[in-house]
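The chain contents come next:
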Amino acid sequence: MSTDNPVSQYAVRLADDALILGHRLSEWCSRGPFLEEDLALSNVALDYIGRARMFYGYAAELSGDDRSEDDFAFLRDCRDFGNLLIHELPRGDFAFTMARQYLVDVHSVAFMTDLQSSTDATLAAIAGKAVKESNYHLRRSRDWMLRLGGGTEESHRRLQHAVDELWGFTPEMFEMDELEKSLAGQGVAVDVSRLQPAWDTEVRATLAAANMSIPEEDWQVSGGRQGKHTEWLGHLLSDLQFMQRAYPGLEW
Amino acid sequence: MTDNLSDQQLEQRETEFQQRIDAEEKIEPKDWMPEKYRQNLIRQMSQHAHSEVIGMQPEGNWITRAPTLHRKAILLAKVQDEGGHGLYLYSAAETLGISREELIASLHSGSAKYASIFNYPTLSWADIGAIGWLVDGAAICNQVSLQRTSYGPYSRGMVRICKEESFHQRQGYHIMMTLARGSAEQKEMAQDALNRFWWPSLMMFGPHDADSVHSAQSMKWKIKRQSNDELRQKFVDQSVKQAEVIELELPDPDLKWNEERGHYDFGEIDWEEFKRSMTGGGPCSRQRLAHNIQAHDDGAWVREAMRAYESKKREAKDQAVA
Amino acid sequence: MSEHMQLFEVFIRSRRGLDHKHVGSLHAEAHAQALEYARDVYTRRSEGVSIWVVKSADIVASQEADCESFYDPLDDKPYRHATHYQLPEEVDSM
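Trainee: Help me understand the overall build of chain C in this model?
Mentor: Regarding its fold elements, chain C presents two helices and three strands. The helix and strand sequence of chain C, counted from the amino end, reads β-β-α-β-α. Considering chain C as a whole, with its 94 residues, one finds that 28% of them fall into the buried category. In chain C, of all internal contacts separated by at least 6 residues, the share reaching a separation of at least 24 is 44%. Summing over all exposed atoms, chain C offers an accessible surface of approximately 6,700 Å²; the carbon and sulfur share of this is 54%.

Right, dumping it as structure tokens:
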């Protein structure tokens with residue numbers, strides 16, 4: 001199930017990003033390191049699920065048939081999902097979850113800030129809501145980077161490991177394919193390639209403040225936007241889509 | 001608090017305390033209170049808090065599998081609320097001079113209890129509906145009553161919790177309603193969930209008044225405001241109509257209207273099963289506790305890191321000042 | 001103080017023009033963190049426009065034993081209360 005409208009395709013990608021990361025974050029519910037943090041993680045997860053619904057809803061509207069947000073979320077397979085790979089990696093330990101969140105949040109704040117000036121009014125409006133959320137997420141995840149980096153030997157080790165494991169997935173956040181180039185040309189999409197230098201500066205500063213060494217740039221993986229995913233996504237989808245697959249076509 | 005009092009003074013204080021309770025005055029943290037009142041409160045509030053926190057698991061089991069995005073958001077928000085309610089209650093209990101760590105330790109050691117209903121598994125999506133409708137429904141009966149409990153922080157916590165819980169039961173009933181009006185398969189799923197959760201929901205109100213160890217004293221101190229049997233009756237009465245409206249059948253052949261009492265009569269609860277599930281023999285008892293312990297243990301290094309980081313920061317600040 | 005995070009009391013102003021009101025407490029390592037958790041824990045339904053957090057240990061409270069000297073002297077001034085003044089019915093909503 002795909003859609004021909006380029007703006008709709010773009011919205012689906014952004015929705016996929018939000019849904020898949022929201023799913024990973026929601027896995028923390030009842031598993032947080034203490035109750036306050038458990039609640040905070042669920043809040044972030046809820047923000048992402050809400051964001052996914054807004055983008056899917058808009059994609060559905062543009063697609064011009066009677067598809068709903070749920071058709072997009074529950075009835076497409078791996079190859080049709082266009083999320084960035086970094087979002088689908090398993091939640092790992094708390095250091096991994098927070099390091100990913102931080103790397104994504106820095107990107108997300110810049111991205112949504114830019115998307116606010118999209119010539120597409122709906123995308124701009126969704127971005128307006130999302131940027132506020134992401135600013136808060138970033139404050140949290142940045143704080144955790146400093147705490148874990150500057151906490152104990154164990155937290156430092158775990159955080160460094162997480163950053164090392166994530167690093168090769170970050171360049172994908174700044175890649176542009178034909179669809180995005182064309183939409184960016186029309187002022188609809190964000191030109192993410194331009195966001196990289198500022199992201200790099202900010203992330204490196206935080207890593208330094210957290211006593212992290214910058215990982216070697218000797219590997220990188222991408223392909224999410226083209227539906228070339230890690231093996232993790234299939235398992236995530238079998239969990240996410242179970243009900244709609246087992247009991248197709250019903251109201252819930 | 002009772003350390004330096006003579007027997008006579010103690011008796012005097014207890015009398016004054018009871019008078020205060022009888023006059024519907026709230027007891028506040030710094031007030032003098034009988035040690036047994038304090039213990040009784042800690043027992044009840046911590047049991048309540050643990051129930052909220054352990055209760056996150058059976059519903060949490062379906063967050064990643066919720067059938068629509070809307071249901072997913074509702075469920076996650078709801079389970080998060082349960083965690084929040086656990087937190088409010090731990091906070092309220094802490095005003096009695098016990099720490100959250102101590103409370104959690106007694107949960108993990110098995111010396112503190114939680115509602116045995118959460119030791120039942122959630123096997124289908126309909127169970128999420130049944131839990132919202134019945135388990136939250138039963139909990140709300142209890143909590144509405146507890147808004148008038150004699151201990152101020154507990155009472156205020158309950159007011160807050162009741163306000164937030166108002167959507168919990170409704171969303172559960174809405175799930176059941178949607179299923180009951182759906183396909184044959186969905187209706188069957190809903191009836192099956194109702195069959196499995198009905199009796200455990202009735203057990204949530206605890207033993208019969210006559211058999212309840214703590215009840216009489218709790219009522220006298222107005223920690224509890226209505227008895228187990230009164231609340232259970234209220235719950236049965238309200239559920240009958242609700243089941244009728246969505247054409248599901250409560251699994252109790254003895255259920256019938258009693259004109260004379262003005263209430264529904266209902267069958268006897270299997271108290272042996274109640275005891276089994278209460279004492280760790282429920283289908284998921286071991287899993288629930290293990291899950292909570294695992295999360296707590298997995299979080300230990302995070303809590304240590306936070307502490308270490310903040311104390312380093314404080315030291316640096318102190319040095320800068322010096 | 002091995003496992004203990006500090007306890008903070010949380011006060012929320014639910015609407016502009018109202019006082020901050022005590023809503024409960026939570027655990028955190030520092031003020032800034034307490035403030036963030038207060039948002040997550042106590043304003044999930046956007047109940048607040050402003051939050052205060054105070055270390056519970058920093059609160060100085062009157063003691064039960066002081067009660068009489070503390071409050072009783074304030075209790076003999078009924079003329080401070082509006083109900084003290086009997087007015088004709090026509091103007092009694094004053």
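From this point, the discussion proceeds with the structure in view.
Trainee: How should I be thinking about empty space enclosed by the protein in this particular structure?
Mentor: Think of a ball as big as a water molecule: rolled over the atoms, this probe shows where empty space is left. All told, the structure shown has six cavities of 30 Å³ or more when counted by the stated rule. Of the volumes computed, that of the largest cavity is approximately 340 Å³. Considering the residues around the largest cavity, the lining is formed by 24 residues, among which Pro33, Phe34 and Leu35 of chain A together with Ile104 and His296 of chain B are closest to the centre. Residue assignment for the lining of the largest cavity shows that the elements contributing at least two residues are α2 (35-63) of chain A together with α3 (56-60), α5 (100-108) and α12 (285-298) of chain B. Across the lining of the largest cavity, the residue classes tally to 10 nonpolar, eight polar and six charged.

Trainee: Teacher, can you tell me more about the interface of chain A and chain B here?
Mentor: In this assembly, 47 residues from chain A lie in contact with 45 residues from chain B. Roughly 4,000 Å² of surface becomes buried between chain A and chain B when both sides are summed, with 70% attributable to carbon and sulfur atoms. When the buried surface of chain A facing chain B is broken down by residue, Ser30, Leu35 and Trp252 of chain A rank first, second and third, together holding 18% of it. Seen at the junction of chain A and chain B, the total is one salt bridge.

Trainee: Help me out: how do you make sense of the environment of Ile98 of chain B in this one?
Mentor: Residue and element names in this part refer to chain B. As for its placement among the helices and strands, Ile98 is situated in the loop between α4 (69-94) and α5. Assessed through its relative accessible area of 18%, Ile98 is described here as buried. Distance in space between the C-alpha atoms of Ile98 and Trp32 is 16 Å, their sequence separation being 66 residues.

Calculation rules
- Residues numbered from 1 in each chain as written.
- Chains lettered and ligands numbered in written order.
- Predicted model: local features only at pLDDT ≥ 70, side-chain atom pairs only at ≥ 80, totals over all residues.
- Heavy atoms only, no water.
- Helix = DSSP H or I, 4+ residues; strand = E, 2+ residues; numbered from the N terminus.
- Buried < 20%, exposed > 50% of the residue type's maximum accessible area, 1.4 Å probe, protein only.
- Contact = heavy atoms within 4.5 Å.
- Areas by Shrake-Rupley, 256 points an atom, 1.4 Å probe, with all protein chains shown as cover.
- 1 Å grid on protein atoms, 1.4 Å probe; cavity = no way out; pocket = protein on both sides within 12 Å on 5 of 7 lines; lining within 4 Å.
- Points joined across faces, edges and corners; volume = space filled by probe spheres on them.
- Nonpolar A, V, L, I, M, F, W, Y, C, P; charged D, E, K, R; others polar.
- Buried area = accessible area lost by both parts, 1.4 Å probe.
- Salt bridge = Lys/Arg side-chain N within 4 Å of Asp/Glu carboxyl O.

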